[in-house]
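The lines below spell out each chain.
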Amino acid sequence: MTWVEVNAAPELIHTPPLRLKQKSADRTALNTDMYCLLKCSPLILAVAVCHGWLFGDFVGKQKELDEISLWPLPQKFQSSAVAFKLSPGSFQIVHAKQSSAGPSCSILVNAFRRYFEYMFGDLKKHEKSRKKVYDSDLAELQVWITSADPECDGYPSLQADESYELSVDEPSAVLKAANVWGALRGLETFSQLVYRDDYGANNINKTDISDFPRFAHRGILLDSSRHFLPLKVILANLEAMAMNKFNVFHWHIVDDPSFPYMSRTFPDLSQKGAYHPFTHVYTPSDVKMVIEFARMRGIRVIPEFDTPGHTQSWGNGIKNLLTPCYSGSSPSGTFGPVNPILNSSYDFMTQFFKEISTVFPDAYIHLGGDEVDFSCWKSNPDIKKFMVQQGFGTDYSKLESFYIQRLLDIVAATKKGYMVWQEVFDNGVKLKADTQIHVWKERPQYQDEMAKVTAAGFNALLSTPWYLNRISYGQDWVNIYKADPQNFTGTDAQKKLVIGGEACLWGEYVDATNLTPRLWPRASAVAERLWSDKSVTDVGNAYKRLVQHRCRMVKRGIPAEPLFVGHCRQEYMGL
Amino acid sequence: MQTIQEIDHVTQAEPMRLTALLVTCHMTRVLTVSALVYCHFIVQTSSPTALKLTEVCSSMAHTGTHSQPVRSCLLLVVVSVCVQQVHGVWPLPQQLHQSADRGCLSPQRFSFTYGRDSAAQTGCSVLDAAFKRYFSIIFPDFTKGSENRLQYVWSEPQPFVVSVSVKTGGCDGYPDEDSDESYNLSVSEGQAVLRSVTVWGALRGLESFSQLVYQDDYGSYFINKTEIVDFPRFAFRGLLLDTSRHYLPLHAILKTLDAMAYSKFNVFHWHIVDDPSFPYQSRTFPDLSNKGAFHPFTHIYTQSDVMRVIEHARMRGIRVVPEFDSPGHTQSWGKGQPGLLTPCYKGGVPSGSFGPVDPTIDTTYKFMESLLKEVKFVFPDSYVHLGGDEVSFACWQSNPNVRKFMEKMGFGKDFTKLESFYMESIMNMTAALNRTSIVWQDVFDYHERIPQDTVLEIWKGEKYQAELSRMTQAGHRVLLSAPWYINHISYGQDWRNSYAVQPQNFSGTEEQKKLVIGGEVAMWGEYVDATNLTPRLWPRACAAAERLWSNEEKTLNADLAFPRLEEFRCELLRRGIQAEPLFVGHCKHEYDGL
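Residues numbered from 1 in each chain as written. Chains lettered and ligands numbered in written order. Predicted model: local features only at pLDDT ≥ 70, side-chain atom pairs only at ≥ 80, totals over all residues. Heavy atoms only, no water.

## Concerning the state of the cysteines
All names here are of chain A.
Alright, step 1. As enumerated under the stated definition, the model contains six disulfides over all chains in all.
Alright, step 2. Each sulfur of the disulfide joining cysteine 105 and cysteine 152 lies 2.1 Å from the other. Measuring handedness by torsion sign, the sulfur bridge of cysteine 105 and cysteine 152 sits at about -105 degrees and is left-handed. Taken together, the residues cysteine 105 in the loop between β2 (92-95) and α3 (106-120) and cysteine 152 in the loop between β3 (140-145) and β4 (164-168) connect sequence positions 47 residues apart. Cysteine 152 matches cysteine 105 in its accessibility class, with the two residues each being buried. (Disulfide = S-S within 2.5 Å. Helix = DSSP H or I, 4+ residues; strand = E, 2+ residues; numbered from the N terminus. Buried < 20%, exposed > 50% of the residue type's maximum accessible area, 1.4 Å probe, protein only.)

## Details of the packing of α3(A) against helix α5 (residues 180-193) of chain A
Residue and element names in this part refer to chain A.
Alright, step 1. For the pair α3 and α5, the least separation of the axes is 10 Å and the interaxial angle reads 10 degrees. In terms of orientation, α3 and α5 fall into the roughly parallel class. Along the contact surface, α3 presents Ile107, Leu108, Ala111, Phe112, Arg114, Tyr115 and Met119, while α5 presents Val180, Trp181, Ala183, Leu184, Leu187, Glu188, Phe190 and Ser191.
Alright, step 2. Its residues assigned to classes, the contact of α3 with α5 shows twelve nonpolar, one polar and two charged. (Axes fitted to C-alpha atoms, helices over the stretch in contact; angles between N-to-C directions. Parallel < 35°, antiparallel > 145°, perpendicular 65-115°, else oblique. Contact = heavy atoms within 4.5 Å. Nonpolar A, V, L, I, M, F, W, Y, C, P; charged D, E, K, R; others polar.)

## Details of helix α22 (residues 558-574) of chain B
All names here are of chain B.
Alright, step 1. Relative to the 24 Å expected for 17 residues at 1.5 Å per residue, α22 spans 23 Å between its end C-alpha atoms, a close match to the ideal helical length.
Alright, step 2. The largest bend in α22 comes to about 25 degrees, at arginine 564.
Alright, step 3. Turning to α22, its buried residues are Ala558, Ala561, Phe562, Arg564, Leu565, Phe568, Arg569, Glu571, Leu572 and Leu573.
Alright, step 4. If you follow the buried residues of α22, they end up packed against α6 (125-138), α7 (199-212), α8 (250-262), α18 (495-500) and α21 (540-549).
Alright, step 5. Between the side-chain oxygen of the N-cap and the backbone nitrogen of aspartate 559 there are 2.8 Å, and the N-cap of α22 in question is asparagine 557. (Expected span 1.5 Å × (residues − 1). Bend = angle between axes of the 7 residues up to and from the residue. Polar contact = N/O pair within 3.5 Å; in protein donor to acceptor, adjacent residues only side chain to side chain.)

## Some words on the UniProt feature "domain: Glycoside hydrolase family 20 catalytic" (unreviewed entry) in chain A
Alright, step 1. Residues annotated by UniProt as "domain: Glycoside hydrolase family 20 catalytic" (unreviewed entry) correspond here to residues 215-533 of chain A.
Alright, step 2. The annotated region residues 215-533 of chain A carries 40% helix and 19% strand content, and the separation between its end C-alpha atoms amounts to 10 Å. (UniProt positions renumbered as here; feature names shortened; annotations may be inferred.)

## Re the sheet that holds strand β13 (residues 383-387) of chain B
Backbone-to-backbone hydrogen bonds pair the strands of a sheet. The strands run either parallel or antiparallel.
All names here are of chain B.
Alright, step 1. In spatial order, the strands read β8-β9-β10-β13-β14-β15-β16-β17; together these eight strands close into a barrel with parallel pairing. Between one strand and the next, the sheet's axes are offset by a mean angle of 25 degrees, whatever the strand orientation.
Alright, step 2. Inspection of the sheet shows strand β16 (residues 477-480) paired to strand β17 (residues 516-523) by three bridges, in the parallel sense. Paired with valine 478 across the bridge in β17 is valine 516.
Alright, step 3. Contacts from helix α12 (residues 362-378) reach β10 (319-326) and β13, with the element oriented near 170 degrees to β10. (Pairing = 2+ DSSP bridges.)

## Some points on the interface of chain B and chain A
Alright, step 1. Counting from both sides, the interface comprises 58 residues of chain B and, opposite them, 51 residues of chain A.
Alright, step 2. For the chain B and chain A pair, buried surface summed over both sides reaches about 4,900 Å², with 60% attributable to carbon and sulfur atoms.
Alright, step 3. Taken together, the links from chain B to chain A amount to four salt bridges.
Alright, step 4. For Glu580(B), the salt bridge goes to Arg518(A), with nearest N and O atoms at 3.1 Å.
Alright, step 5. Taken together, chain B and chain A are joined by 26 residue pairs in polar contact (both at pLDDT 80 or more).
Alright, step 6. When residues of the side of chain B that touches chain A are traced back to their parent elements, those giving at least two are α4 (47-65), α8, α20 (533-537) and α22 of chain B.
Alright, step 7. Split into classes, the residues belonging to the side of chain B that touches chain A amount to 23 nonpolar, 18 polar and 17 charged. (Buried area = accessible area lost by both parts, 1.4 Å probe. Salt bridge = Lys/Arg side-chain N within 4 Å of Asp/Glu carboxyl O.)

## Brief notes about the environment of Val478(B)
Residue and element names in this part refer to chain B.
Alright, step 1. Relative to the helices and strands, valine 478 resides in strand β16.
Alright, step 2. Taking relative accessible area as the criterion, valine 478 reaches 0% and is therefore assigned buried.
Alright, step 3. For the pair valine 478 and asparagine 505, spaced 27 residues apart in the sequence, the C-alpha separation amounts to 13 Å.
Alright, step 4. The contacts of valine 478, once residues within four sequence positions are left out, are Leu456, Ile458, Leu468, Met471, Thr472, Leu515, Val516, Ile517 and Gly518.

## Remarks on the sheet that holds strand β17 (residues 498-505) of chain A
Residue and element names in this part refer to chain A.
Alright, step 1. Spatial ordering of the closed barrel is given by β8-β9-β10-β13-β14-β15-β16-β17, a layout of eight strands whose pairing is parallel. Ignoring strand direction, the axes of neighbouring strands in this sheet form an average angle of 25 degrees.
Alright, step 2. Pairing analysis gives three bridges linking strand β13 (residues 364-368) to strand β14 (residues 417-421), with the strands arranged parallel. Counterpart to isoleucine 365 in the pairing with β14 is tyrosine 418.
Alright, step 3. Contacts from helix α10 (residues 343-359) reach β10 (300-307) and β13 within the one sheet, and its direction differs from that of β10 by about 170 degrees.

## Brief notes about the pattern of salt bridges
Residue and element names in this part refer to chain A.
Alright, step 1. The full count for this structure, using the stated rule, is 40 salt bridges over all chains.
Alright, step 2. Linking arginine 226 and glutamate 508 is a salt bridge whose minimum nitrogen-to-oxygen distance equals 3.3 Å. Within this pair, whereas arginine 226 is found in the loop between β8 (217-223) and α6 (231-243), its partner glutamate 508 is found in the loop between β17 and α18 (515-519), the two being separated by 282 residues in sequence.
Alright, step 3. Of the residues examined, glutamate 508 reaches a relative accessible area of 19% and is grouped as buried.
Alright, step 4. Several salt bridges share partner residues, and in doing so they unite Asp223, Arg226, Asp255 and Glu508 into one network.

## A short note on the nonpolar core
Alright, step 1. Counting 151 residues, the largest nonpolar core has Phe190(A), Tyr261(A), Phe305(A), Phe352(A) and Trp520(A) as the members making the most contacts within it.
Alright, step 2. The element that contributes the greatest number of residues to this core is α3(A), accounting for nine residues.
Alright, step 3. Setting aside chain neighbours within four positions, we find Trp520(A) in contact with Ile220(A), Asn237(A), Ala240(A), Met241(A), Asn244(A), Phe246(A), Met553(A), Ile558(A), Ala560(A) and Glu561(A).
Alright, step 4. Membership of the second largest hydrophobic core comes to 133 residues, among which are Tyr114(B), Leu203(B), Ile318(B) and Leu537(B). (Core = buried A, V, L, I, M, F, W, Y, C linked by side-chain atoms within 4.5 Å.)

In structure tokens:
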């Protein structure tokens, strides 16, 4: 009675007999230390994984290497079957002597505690074992920040150096990074290397890793306008993002349906535009908390205030901001996009973005600019008059550009950079050289658009294949995984202008009830595409690692949904 | 839709007699003077708000709740300002008459009692527990000690008594296929009278009652004068969960049972074992789960777990029908029961892999008999689901012993005959145990001569109408599941497809139509576990719930159902069920878990 739909990736379903076969085939390699250099061939890791099952057969010293499932896969990775015990009672994460960061570095201190808990569970559980001290094979992880300024109090940025080197060997493991941002990524990797054997003991294998991201901008878009997302959900997803080495939270905070952002300058925006003025808003301290929570995890927060379209909810709080639509010769009572012909609109935007530029520390703001519906503008006699005056004829995209141009100048005056949806570029608006063009449309093909944007010399961000709100039955992560932002015809210089991409979870059908399982682990596929080397494309290998990675997220309290039939040692216990 | 028609009626009866304001307030059933003043206040002092609400409202009217947009708009404006919109009931009762009069409920002076003529009285386990449960559902804030807010500004709290009378007792029994779930509910000033034949009917009535109560913005509780005559369209309204492809922790199952009761589902079809794992801990064959579960201790259902599920379900008037699917879908059985599965052959020698249950040897039937005896002992319901679907013949074909057996039995090369032979034995075994078998449609498709009282379940997507005709023509009772495989997801409002299903819309006589005893929503487990089960199930399953309970003619229009379902979804959230949104919007109480 149940359809078996495995067309997407039939090779993914490893049947038990097949697995047994692999075991016996690898038996010969048992006693040699297996070093696998991953960059050569992802297959080698697969072999290493099989190897893990092999060890599982032996009763004495069990090593479940198949639990070592790094996600996203590091750039350079060497691991051996030599395993060290980690004792929660004595193992420590410490600042290296040579490190420029110390106990006052709150980002690191917090991260040490967080990752200790991920690896060993609740600290309180270990009170007992802490008393009866037994030795760790591996005594400590030393975190060594090499640059003079560790950036402990800073914010991550597009230029942040996220590279790190990790060496796990007796008696100490060493994590080396230029600053805290790289250290955070390395700590995540270190925590993923730790695995528990069947006796409950924690192990880590001798490992050398040298890692850095392929793209600098690796984002997740959440939409808190179509449905309000309680703070808790946003924070949980920032946690999950850090587990996947995402580094940008694109906060599509307002849109047509509601305006939950509580503005200090214009309190009426949320007072009248939110679903509820008290329960469905983000107060300034909420926003601060999100930004700080994200900073602690090396994640940038880029807010999007989309105009001139997608602004119905703005009109509730700001009189005369939106264009009155006409039906025949009289106002119909409905409103269209921001009214681009009134100075008051620009005065408002100036004040509003002045606030935004101080509230959000990131150097970039997303200005939207997508899907402007011209029918209301067309109906309005004042707009029509203005079109004639300006010599725009009947080309309303010129009017849109006129608005955007002025908006960009306003925002540029706040010293912020900006991101815009691709329409702004398509319409030929004059843009600052460092503008980031966000590609989202399915037509024309995104490959063509990426080529066009980069040929014009702009930075490009890809989202088209990663609209994760669109769901279908089966393992749709495979297609998500296969998309590559640099897969277009263009020069090397053009390819370099691709700064990354974003997984988008638009909110039509998503709220706190289903957001997290819908996003994870599907977004993890995007995470690996944006972090790991271009050559990491083996879906079968990715499947095995991703199954483990999703169980790891579940264990850490993230209700990430299953990829296919199977189980996690520790199932989700929330609900 | 009864409620809307009633509102129309009021509108027509009193056209423009008063000022617009008074009319609107009047129509919103705000009959106390103080509330009138409140309405007046809103409209007069904050006209921009009123204007805005008019817009809100016109969009509401646009969703199709009303045939007269303008007037309904005016109406709805004030409904949403002065009081909350009168709450609907999901699934829609067979007959529902609501009037403008409303009464206040106060948790301090609210009580459930047994009617004097009721066969059940205090001590009735099912209803005592239900009273307690529904009290907390109706007054969720009460236990949190926040009840002394601005609730009693207008008046002293009045007592409100819900008197429940059932004709027959049976408080310690189990619901079954013949349980009468009908009830009558009459809500008037200060009291509600709920009458039913059985305690199961009383449970359905209590659920409807709880959905009629609403809260205004000040936290006061209200209920309108209401008359309901209600009964289910179909006796079998099931929901399938698959605990083999992914293990579902007990609390996920219990939570699902809660939500089922809110939608008036009455059968939990527990697809408890399958190829991937065998989580049922058998008392007779403990190795089945010891070796066949994902983990022998953490990923199993112990006997006490099963008892707990059955009791939790009983308390909510829900039957638990277990499925032990064979001869296919049994890979996990083989691990703990050597010799049960057919060894597959490759080139004259056993290949090491196994196929379906081996139907050629006696030990198989002895095993199945012992297992079914245990199932009869553990699961009180008179139905057992025997599966019988998707049997792959390749392994049987490869096995020389099976081929020999085929020859001996004169089956030729037709392996469907072998499957039928096996299923017939199992069905007879089940009948001998005094249990009714349910089997998947495959069994009928291969073999039309099957015991007459066997219930057939349709799961194959295409042409299920034709299958309904054939099966009912052969005189079998039928369950429909094919259009309700809601593990299949797609982007957008796919609940509308579930809602559009018409289970009796096939060519056949009236007698044939009556053989359709109901249907099931199926949530297969390939891509579902505790992380995503609840939001994937609810409110999507609610669409089938209404189709199976309500009058089809009154519930054919999905646009009309939409606002009611949206409201019901928010109600599910308020009750702690993680039901996903239908579309853009919000609930007063959002889900605050993770």
